[in-house]
Amino acid sequence: MPIINRIAEYTPEMTAWRQELHQHPQICYEETYASDFVAQKLAAWGIEVHRGLGITGLVGVLKGQPGTGTIGLRADMDALPMQEDNDLPYASRNPGRMHACGHDGHTATLLGAAKYLAETRNFAGTVHFIFQPAEEGGAGARAMMNDGLFERFPCDAVYGVHNAPDLPLGQAETRVGPLLAASDKVSIVIKGYGGHASKPHMAVDPVLVGAHVLVALQSIVSRRTDPLDNAVVSLCQFHGGSAGNVIAAEAELSGTVRTLKPATRDMIERSIAQIAEATAMAHGATAEVTYTRMYPPTVNHAEQTALAMRAAARVLGETAVRSDVSPLMGGEDFSFFLQEKPGNFLFLGGGATGRENAPLHHPRYNFNDDLLPVGASYFASLVEQELPKG
Ligand code: NI
């Protein structure tokens, strides 16, 4: 079965929703436009709407034929704080805000599935449509859980998707185990002793110390991490000094750490503190390390991954769905759901000839609307497969 026929008929409508959402991007718990838009649509289709989970997040509850099974389907609604560089009739109307990750498409996709399932109710049990805020760094998934998401709306399993412009349209990728990395932040403040640039012996130069720390930290991946494991330590900012003839009193390094295994994450957190503090001490300075754990790794469950692949194969064909792919070192806050509930996260290809296929988070990125009926058919197939009528 390719795209569900009824859903194919929704394509112009889903495209209009997606392009409207694209014009009104908002970030990090400010997603009132998308939240109102989704609530109004769900209610119009007779789906029960519960708002205010994670501030702008909401849940739609749809009951099919009598049954005890429950399934959670998730879409993220937030945009990014960046300026769009697309010449489109439906380009962003909010300066400095852009749907550059395709969450407008994810929202329209899940709405399409919700409309179809509300119309057909060809399943037994309950579907929870989870529309979350603040995926981009704000941990909106965790905020919804803190507001009682899974206590109020129990889910036997949860499923989510992300579009992938570098994967051809009609293909899907996922894997059992870690699919995406844990994503953490690190900041290191080096404190030296400021002074005149001509009298370095009277000062402790934190810029020099910071340079030693920066280089030394690169040995964590090359010398302390198992060569067959995966990790990234990227120190992307180095700030210090205000003039060419002044030795600064302080300098700061900051960056990100990506890991797939809890033990590796622990080791890198410990190693950064040890190396930074000891390197600073060796130069007569101090280092204050702040390591902040942001998103856990996105770890797919084996059983639900097999089920997700089956549902995706019904839409795209057996050979179009791969599970032998490598994990990516990006982060995703669907990971919080997967720590609590079994489930799967899957990439749906959106790349096609005749379009630019700019990468996610690029100022010329644009969600491929041809993916809307594919994603909606995937979600609908998953529900009909997992909650079959008796
Ligand atoms: Ni995204």
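K.L.:
It is not clear to me how unusual backbone geometry should be interpreted in this structure. Could you clarify?
P.N.:
Negative phi values dominate among residues other than glycine, just as trans dominates among peptide bonds. Located in the positive-phi region is Cys28, a residue other than glycine, with phi close to 40 degrees. Under the relative-accessibility criterion, Cys28 is labelled partly exposed at 34%. The backbone of Tyr29 sits at a positive phi, close to 75 degrees, despite the residue not being glycine. Relative to the helices and strands, Tyr29 resides in the loop between α2 (11-23) and α3 (32-44).

K.L.:
Would you mind showing me how to read the packing of α2 against helix α4 (residues 103-120) here?
P.N.:
For any two helices packed against each other, one specifies the inter-axial angle together with the distance between the axes. Between α2 and α4, the shortest axis-to-axis distance is 9 Å and the interhelical angle comes to 145 degrees. The crossing of α2 and α4 is right-handed. Taken together, the residues of α4 that come into contact with α2 (itself represented by Glu13, Met14, Trp17, Arg18, Leu21 and His22) are Asp104, Gly105, Thr107, Ala108, Thr109, Leu111, Gly112 and Lys115. By residue class, the composition of the contact of α2 with α4 is five nonpolar, five polar and four charged.

K.L.:
Can you walk me through the packing of aromatic side chains in this structure?
P.N.:
Each aromatic ring pair is specified by the distance between its two centres and by the angle formed by the two planes. Under the definition given, this model contains seven aromatic pairs. With a centroid separation of 5.7 Å and an interplanar angle of 80 degrees, the aromatic rings of Tyr295 and Phe336 are classed as edge-to-face. Within this pair, whereas Tyr295 is found in strand β13 (residues 286-295), its partner Phe336 is found in helix α11 (residues 334-340), the two being separated by 41 residues in sequence. On the basis of relative accessible area, Phe336 is assigned to the buried category, the value being 7%. For the ring pair Phe345 and Phe347, a centre distance of 5.9 Å and an interplane angle of 80 degrees mean the geometry is edge-to-face. Phe347 carries the same exposure label as Phe345, and that label is buried. Cluster of aromatic residues (ring-pair linked, three or more members): Phe150, Phe334, Phe337, Phe345 and Phe347. Here Lys41 stacks its cationic end above the ring of Phe37, 4.9 Å away from the centre of that ring. Geometry around Tyr10 places Lys115 over its ring, the cationic atom sitting 4.9 Å from the centre.

K.L.:
What exactly am I supposed to notice about the coordination of the nickel ion here?
P.N.:
Geometry reference: four tetrahedral donors at a metal, ideal angle 109.5 degrees. Six octahedral donors, ideal angles 90 or 180 degrees. Only Cys101 (SG), His103 (NE2) and His162 (NE2) from the protein coordinate the nickel ion, and they sit 2.1 to 2.3 Å from it. Read from N- to C-terminus, the donor residues coordinating the nickel ion fall into the pattern C-x1-H-x58-H. Linking His103 in helix α4 with His162 in strand β5 (residues 158-168), this pair joins segments that are 59 residues apart in sequence. You can call His162 buried: its relative accessible area is 5%.

Reading the values: rules and limits
- Residues numbered from 1 in each chain as written.
- Predicted model: local features only at pLDDT ≥ 70, side-chain atom pairs only at ≥ 80, totals over all residues.
- Heavy atoms only, no water.
- Buried < 20%, exposed > 50% of the residue type's maximum accessible area, 1.4 Å probe, protein only.
- Helix = DSSP H or I, 4+ residues; strand = E, 2+ residues; numbered from the N terminus.
- Axes fitted to C-alpha atoms, helices over the stretch in contact; angles between N-to-C directions.
- Left-handed = near helix turned anticlockwise from the far one by under 90°.
- Contact = heavy atoms within 4.5 Å.
- Nonpolar A, V, L, I, M, F, W, Y, C, P; charged D, E, K, R; others polar.
- Phe/Tyr/Trp six-rings, centres within 6.5 Å; stacked < 30°, edge-to-face > 60°.
- Lys NZ or Arg CZ within 6 Å of the ring centre and 35° of its normal.
- Donors = N, O, S within 2.8 Å, 3.2 Å for Na, K, Ca; no water.

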